[in-house]
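Architecture at a glance
Okay, here's what each chain looks like letter by letter:
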Amino acid sequence: MKLAQMKLFITTVFLLITVVVMSQINVRGVVTDAKGEPLPGVNIQIKGAKSGTITDLNGKFGLKVDKVNDLLIFSFLGYQTKELKIDQSKPMVVILQEESLSLNEVMVVGYQDVKKRDLTGSVAKANIDDMIKAPVASFDQALAGRIAGVNVSSSEGTPGGTMNIVIRGNNSLTQENSPLYVIDGFPIEDPSIASTINSNDIESIDLLKDASATAIYGARGANGVVIISTKKGKVGAPVLGYNADFGIQRVTRKIPMMDAYEFVRLQEEIITPADMASVWGYYQTYNEKKYTREDYRNIEQFDWQDMIFQDAMQQSHNISLTGGTNDIRYNGSLSYYDQDGVVINSNFNRLHGRFGITIQHKKMRVYLATNYSKSIYSGNSPSQSSYSGMNNLFYSVWGYRPVTTPNLDIYSLVENNTDDGVDPSVDYRFNPIMSLNNEFNEKHNTYAGYNGFLEYEIQKGLKLKISGGYTSDIRNAEILNNSKTRGGMPTSTWKTNATFSNSDRKTWLNENILTYQTNIQKKHFFNGLLGMTMQESISKFYSMRTILIPNESLGMAGMGQGTPSTINSTFSDWSMISFLGRINYNYKSKYYLTGSFRADGSSKFSYQNRFGYFPSFSSAWNFTQEKFMRPVKHVLTTGKLRLSWGVTGNNRVGEYDTYSRIIIQQVAWGTGTGIYDVFHGVYPVNNSLSNIGSIISGLPNKDLKWETTAQTNAGADLTFFDDKISITVDWYNKITSDLLLRASLPLSSGFASAMKNIGKVQNNGLEFTINTVNYQDNKFKWTTNFNIAFNKNKVLELSENQQSLLTNAPFDQNFISPNYIAKVGYPIGMMYGYIYEGTYKLDEFNVSNSSHILKPGIPRYVSEANTKPGYPKYKDINNDGIVDTRDQTFIGRGDPIHFGGLTNNIEYAGFDLSVFFQWSYGSNILNANRLIFESGFSRRSHLNQYASYIDRWTFENADSDMPRVSSSPSNNVFSTRIVEDGSYLRLKTIALGYTFNNKLLNKIKLSKARVFVSGQNLHTWTKYSGFDPEVSVRNSALTPGLDFSAYPRAFSLNAGLNVTF
Amino acid sequence: MNFINRLKIYVVSIVIFMQTACSGFLEKEPYDLVPEGYFNTQEELESFLTGTYSLIMQTQFYGNYYILYNAGGDDLGFFQRSNAVTSIICANTSSSDMYITSYWRILYEGVNRANVLIENVNKNVEIKADIRKRVLAEALFLRSFFYFNLVQGWGDVPLRLSSTQTVTGLDIARTDREIIYERIITDIVNAIPDLKRSDELTHTGMITQSGAKGMLARIYLFRAGEHYRQKLPAPETKQIYFEEAKRWALQVRESNMHGLVTPYSQVFIDLSKDKYNSTGIRESIWEAEIAGNNSIVMAAGRVGNIVGFGSAKDFSSIAELKNLNGMANPGYSYRFIFATLKLYDMYEAEMDTARGNWNIAPFEYEHDPLAPNPVIGRKYYSDKRPDGLNQVDGLPCTDETRAYINNRHTRSAAKFRREYEVVTPKDKNFTPINFPILRYSDVLLMIAEADNELSASPSDLAYACIDEVRSRAGISPLTGSGLSKEDFREAIKRERAMELCFETTRRWDLIRWGEFITNMSNTLTDIDKSEWSVDHKYASNYFKITDTYEYYPIPIMELSVNKSITQTPGW
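Residues numbered from 1 in each chain as written. Chains lettered and ligands numbered in written order. Predicted model: local features only at pLDDT ≥ 70, side-chain atom pairs only at ≥ 80, totals over all residues. Heavy atoms only, no water.

**Describing the overall build of chain A**
So the rule is basically this: Only DSSP runs of H or I with at least four residues qualify as helices, and only runs of E with at least two residues qualify as strands; both kinds are numbered from the N terminus onward. We take the radius of gyration over the C-alpha atoms and set the globule estimate at 2.2 Å times the residue count to the 0.38 power. Relative accessibility decides the category of a residue: with a 1.4 Å probe and only protein chains considered, values under 20% of the type maximum give buried, values over 50% give exposed, and everything between is partly exposed. Residue-level accessible areas treat just the shown protein chains as cover; the underlying method is Shrake-Rupley with a 1.4 Å probe. In this count, Lys and Arg are taken as positive residues and Asp and Glu as negative ones, while His and the chain termini are left out. The location of each charge is read from NZ of Lys, CZ of Arg, CG of Asp or CD of Glu.
Counting its secondary structure elements, chain A contains eleven helices and 55 strands. Against the globule reference of 31 Å for 1061 residues, chain A gives a C-alpha radius of gyration of 34 Å, in line with a compact fold. Within the span of chain A, comprising 1061 residues, buried residues form 57% of the whole. Accessible surface computed for chain A: about 42,800 Å², of which carbon and sulfur atoms make up 57%. Across chain A, the 104 positively charged side chains and the 95 negatively charged ones have centroids separated by 10 Å.

Below, the structure written as structure tokens:
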């Protein structure tokens, strides 16, 4: 090397001398990209000489050379370097080819578009083309597994259900962890917005992950930001497109239940022999026949799951139109989506329309768009009743008995509201078919958005953009419970009853952004923005109920004939003002520095805590631009290192949590367990029903302030072998402090919970994304995308030096002991309970007078004075001889260790095939269904059980570790017995399409046509015994992974076509 | 420097702009009333007082859970279901018992509501002084009442005498119960002069001077027996507690506003009929007000439906029956509580039919075997049909002839009967029946008990009081029977059982007499008897308790967030 350096030095000296001596030649020209757009800042060097120049803003250059034979080297980051002989006869036109397509991808970051190679933060772009191949209702349902570090899951399989998107782990314990959605510049916090967007309208989805990217959204950026840009008009003749698909869905699995024989065998252990032989019993004498267990083999019986599941249809249609001139461009679409649920009487459908227009006039650009969507959700939730789990659908579906006693017609089970054999005072089982077929529950969500902007170039490089938007989100719900439903049956309090509710939220936004870009000597490039935004939202909610409706055949129309019952009205509003700024600097596209700052003021906090300040800094180094990297250029095509730090916030609390309120309360609100309820103020002195008193509604916290998240991110973007392989790696560390938490309070305070700023949570992790082009020629192309993310979550601090926070994810009043724990030093959302050690075995007892007495030294369950063989046995962790609440510990983890996705795309001769796998590894599921359906639940009679319970403990099966039938309270606690591995690998989507060739299409006047078949949720590899391992019916950061009566997941098979005219 | 100065001015002006221009835009107040602007009128004070009373009639208290699951576990009644519910009454509870947890929660909600009212009652001195004084007195009483229920249930409990204002620093240790006793007694004593007199009210839903005095007597008696569950010798002050109990109870008697209604059943018929002391004799002193059928305002409760007596068939869904009253539609009752053999035998021994046949169902409603099943009559157990009673509401009364049924003496508790409800339509589950918190007969028995404890042998006063109760029941007076102090004490205990069963006092009486565990265990021998229905033998599980049950467990929900509180040993 030393020798080489010496040679270089000597040559340079020599050249310098000759330059002085020789006469010079003028060369002029322009450098453009492949599309003919001028490229400013291109580096031009005379080969072998030191001198050179840089193109100006119009891509033009001029320089003097010494010799006619000199070669010019044109180099520019992101473009292939070119060597050309000088041409002094005419201005040279130099076209540079883009070097790496992926690095020139435009990423939308807050308030700006940036090329990927100029990015300093961690931003990922979702591959819309791949996602759109999944036959789902909205983009969020296809997002899982697509982007590293973005965990997308649904609580259950409800049609039209909202997805839970968590970017880089949960920050907040009890508040929303969903990201901020920014749709064409309009920030929206409500995750249900996703279902109002037609995936076909989406141009791009960018996910801002690190703080340098999200800090520009300051107060609301802590959970990451999903930026959605919709399609804008394209210059050209009108292009009309039509997409349609049809599909059929079916449940992925059923839970095996006991058949009639096993069911009756179980009843023997629950019902006394005398009762078994009585008129309510299975072994009675009827029509002079004495029934025995054997009579129930192969008898006519019901499988209730078969009766409530259906093969459900699904269809979608989308028409789009785009076109225009350079001055005016337009884009519009109309779409319809309709999906029946796999559970009868559930459906989701959506009508969606949008129209946008862009007008360019000299230095001014105007964009106007309108967007409308109407979604209708039908059907009750099967899992969301938490006072009594018995009100949830699958309690009745699984629990309803497959046979009746001989004296009753088996069809009476299907024909009657309730089962005559069941005591309605302790068991709310209701004929699920009857109830589902008669329930009317429709939610109509109407969303209308109007937004636009005006952009004006004040002077070169200085632009002002004024944008505004207005959205109206109206949600109506209609519920009619007639006499054949669970909620309106003749024995219910309200009889036939109807509820109508209306919620109306209007939000407006104004943003004023000034951007400026310039450079110094074409080496130092600056751009920056300054802005101010204002947003305000006003919500109104009304609901009314009438009861004792005389004519249920009129449906909702007969509501007015009923007796007026509860009427509610709730108003709320919030507002925000923000100031923001950002500066980007780069030196020759090699070294980058970015700084941003935002100040947010929110009406949700009291005066002294109102404003939050959110700075960020980031830098990047395109190190493959350095000379010393040249030798490995053939392997490492491009490489960039990124480093960032920033602070973001979260203000997702109630509008008025800083206020104490006096309310006139007519009815108690809550689950009915009285623990988190708001008690009412009615005291009917002198039997006066109108004596309704005022109460304090809750405990305010005047000191509430912003929750803040500080995040450090280090990342690298590398491409190898001419971009055939590209790798992005990110490491991050997030610390969220002053967590906004709906914290449980000591009940002795008179309040059950209040909003507090509590403690600290840390998330750190690694994300890898690898894209490879495995093979590519003119006919055949095979690409692969693989991503994986690891996130470690840890509670660093809780309130007032609290060591742990216990939470109960409620699903039934009999199971209110805490089942989740957040403990300092451990991840949040850990499952909590006892360690199950199997059943008490016979040899652990002394037998006297034919009763079993536990041998000394063997621990018993605290409130179970008479432990019997076959009862569940838990680990006595503190060895005090009694298993009590002190012996509870971690029994499972709610969050996965890693998750990701693998997509393979193959194109060959007009065929395209996409195969997408998605997985999640390392989380557990608290399968609460088994507390009731694999336990002989409190000896409840006539309640069917899972087929797995056949293997329960009995004296004949005394080795079994499945508890015997008993009403022991030890049966009703959370333990490792019901914790299951929730890891899964899912073949999520396969899509096979064929695009007809142009010759054929020209004959029938089509410009493009593709037909396809696709399948969704084709197979899931899991050890989980429930419907599906992607489940969390009480989903929150504290209580992930609870399964109770979840809506089952569907597998679907679709076929469709895309045509463009 | 110049640049820096300009920058400073610029930054400062931006900050000023933000603080001023934005503060208006960012000022959003709730659309509800806020405490700062409340408590300014008499109506607002009364409204908040109503809200404070309200807690006693809700589901978690006298409306449902308390009277069944929490206070129902005694030796006079048992949970009539073989499917045990995790609760005190089923003797299988734990610190996560929802009935206990929600009872704890509602009592402290009551304490806090009372504290808010106490702090704000004198906010506007323009409101008439006597009104403010009366509201304050009621609030002080209610707070004390909530605390007494806490002490009864848990012993030492956290004592909060001011409203909760902040979300931090809420850890609070248990205060020695003696301190709480002192405080609540002082507060009630101070409140009494400002409360209304019973003859000033036309209803019994709010606390009166007599009610407060009677409750003071109850508090003193319970305090006198505290030492049993603490496993301590009787305190020197025990006699003082009896003196105080006697003094306050006697004041109720000497007010001459109260008396006993004949027949005994009329007291409970009034409760069902939404009447207050309809005979003009103020026996009922304080009731938890419950009304309506929950069809519109949630003011109804479950008295009579869960604890009490009604039809075993539900007619609430049958159009032609749901608006009927009386025998035609006696209302549905789950009859969760059945009387034990012990209670049955007490009435038999004294030939006490007035109370025995009221408190324990003497008959079953007879239904038409064809559905829908209207009631077609009453079928009385043997010897239970009153002489000459051949029909009620035009429907026949006949005798049960099947010996095996007549031999089953574990029968439904029937003190609260839905048959007498007047509110229609009758709801399956919700009733307008008020719950009697304090009756004059209780006051009389407290005088007798306290006086007996203070005397070497029963005084004339003690005899007079117990006999007033006994003669109303139509059983022989004890005066002249020459009972010893100990015998008289036992007589009082039996009398209280017969008079006050199913009114949520028994469990606490047993605890303060130090005989809760023994009496519960003794019931086990009754279960083996042939009169104890074979269908109810499962109830043996509900009587197997340890002395841990002399206290309720501190709820896990409290323990897990209140670092200063400790669990009662055993739980």
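After presenting the structure, the write-up continues.
**Some thoughts on the nonpolar core**
One recurring pattern in soluble globular proteins: nonpolar side chains tend to sit buried together. This is how it is decided: In plain words, nonpolar cores are sets of buried Ala, Val, Leu, Ile, Met, Phe, Trp, Tyr and Cys residues tied together by side-chain atoms within 4.5 Å. Only heavy atoms matter for contacts: two residues are in contact if any of them lie within 4.5 Å across the pair.
The biggest cluster of nonpolar side chains holds 173 residues, and the ones touching the most others in it are Ile56, Phe61, Tyr62, Phe145, Trp154 and Trp286 of chain B. Top element by residues in this core is helix H5 (residues 129-154) of chain B. It accounts for 14 residues. When residues no more than four places from it in sequence are discounted, the contact partners of Trp154 of chain B are Ile100, Tyr103, Trp104, Leu107, Asn149, Arg174, Tyr551, Tyr552, Pro553, Ile554, Pro555 and Thr568 of chain B. One finds Phe815, Tyr820, Met831 and Ile925 of chain A within the second-largest nonpolar core, a separate group that totals 49 residues.

**Comments concerning the interface of chain A and chain B**
For clarity, the threshold we go by: Buried surface area refers to the total accessible area, computed with a probe of radius 1.4 Å, that the two partners give up upon joining, counted for both partners together. Salt bridge, as used here: a side-chain nitrogen of Lys or Arg that lies within 4 Å of a carboxyl oxygen of Asp or Glu.
On the side of chain B, 102 residues touch chain A, which itself brings 102 residues to the contact. Of the roughly 8,500 Å² buried between chain A and chain B on both sides combined, carbon and sulfur atoms contribute 61%. The largest share of the area that chain A buries against chain B comes from Ile662, Phe679 and Tyr683 of chain A, three residues that together contribute 10% of it. Linking chain A with chain B are four salt bridges.

**Topic: the environment of Thr496 of chain A**
All names here are of chain A. As for its placement among the helices and strands, Thr496 is situated in the loop between strand E25 (462-481) and strand E26 (497-520). Between the C-alpha atoms of Thr496 and Val1013, which are 517 residues apart in sequence, the distance is 45 Å. Excluding anything up to four places from it in sequence, Thr496 contacts Leu480, Asn481, Asn482, Ser483, Gly488, Thr546, Ile547, Leu548, Ile549 and Glu552.

**So, the packing of helix H7 (residues 209-229) of chain B against helix H8 (residues 238-254) of chain B**
Residue and element names in this part refer to chain B. Convention followed: Only the stretch in contact is used when a helix axis is fitted, and all axes are lines through C-alpha atoms; the angle between N-to-C directions ranges over 0 to 180 degrees. Every angle not falling under 35 degrees, over 145, or within 65 to 115 is termed oblique; those three ranges are roughly parallel, roughly antiparallel and roughly perpendicular. Crossing chirality is assigned from the near helix's rotation relative to the far helix, an anticlockwise turn below a right angle marking it left-handed and a clockwise turn marking it right-handed. Amino acids outside the nonpolar list (Ala, Val, Leu, Ile, Met, Phe, Trp, Tyr, Cys, Pro) and the charged list (Asp, Glu, Lys, Arg) are all regarded as polar, and Gly is one of them.
Remark: H7 packs on H8, axes separated minimally by 8 Å, with the N-to-C direction vectors making an angle of 160°. Classified by the angle their axes make, H7 and H8 are roughly antiparallel. For the element pair H7 and H8, the recorded crossing hand is left-handed. Where H7 approaches H8, its residues Ser210, Lys213, Gly214, Leu216, Ala217, Tyr220, Leu221, Arg223, Ala224, His227 and Tyr228 are matched on the opposing element by Lys238, Tyr241, Phe242, Glu244, Ala245, Trp248, Ala249, Gln251 and Val252. Across the contact of H7 with H8, the residue classes tally to twelve nonpolar, four polar and four charged.

**Observations concerning the environment of Ala1055 of chain A**
Residue and element names in this part refer to chain A. Take Ala1055: it is sitting in strand E55 (residues 1050-1060). Taking the relative accessible area as the measure of exposure, Ala1055 reaches 34% and is therefore partly exposed. Put simply, Ala1055 and Ser483 are 572 residues apart on the chain and 41 Å apart in space, counted from C-alpha to C-alpha.

**A look at the environment of Ser316 of chain B**
Tracing the chain through its elements places Ser316 of chain B in the loop between strand E2 (284-288) and helix H10 (319-322). The buried category is assigned to Ser316 of chain B, whose relative accessible area is 3%. Put simply, Ser316 of chain B and Leu195 of chain B are 121 residues apart on the chain and 41 Å apart in space, counted from C-alpha to C-alpha. Those residues in contact with Ser316 of chain B that lie beyond four places of it in its chain are Pro490, Thr491 and Lys495 of chain A together with Lys322, Lys426, Asp427 and Lys428 of chain B.

**Re a positive patch on the surface**
Residues and elements named next belong to chain A. Convention followed: Patches here are clusters of residues that have more than 30% relative accessible area and form no salt bridge, with a 9 Å joining cutoff for like charges and a 5 Å cutoff for nonpolar side chains (Val, Leu, Ile, Met, Phe, Trp, Tyr).
On the surface, Lys523, Lys588, Lys627 and Arg630 cluster together into a patch of positive charge. Tracing the backbone through its elements, the reader meets Lys588 in the loop between strand E28 (563-587) and strand E29 (591-602). Taking the relative accessible area as the measure of exposure, Lys588 reaches 36% and is therefore partly exposed.

**Overview of the sheet that holds strand E39 (residues 820-823) of chain A**
Residues and elements named next belong to chain A. Using the following cut-off: In this scheme, strands are said to pair when DSSP sees at least two bridges between them.
Strand order in the open sheet made by the four strands is E38-E39-E40-E47, with antiparallel pairing throughout. Each having just a single partner strand, strand E38 (804-807) and strand E47 (889-893) make up the two edges of the open sheet. Direction aside, the axes of adjacent strands within the sheet are offset by 40° on average. Where E38 lies against E39, four bridges are found, and the strand directions are antiparallel. Bridge pairing in E39 places Leu806 opposite Ile821.

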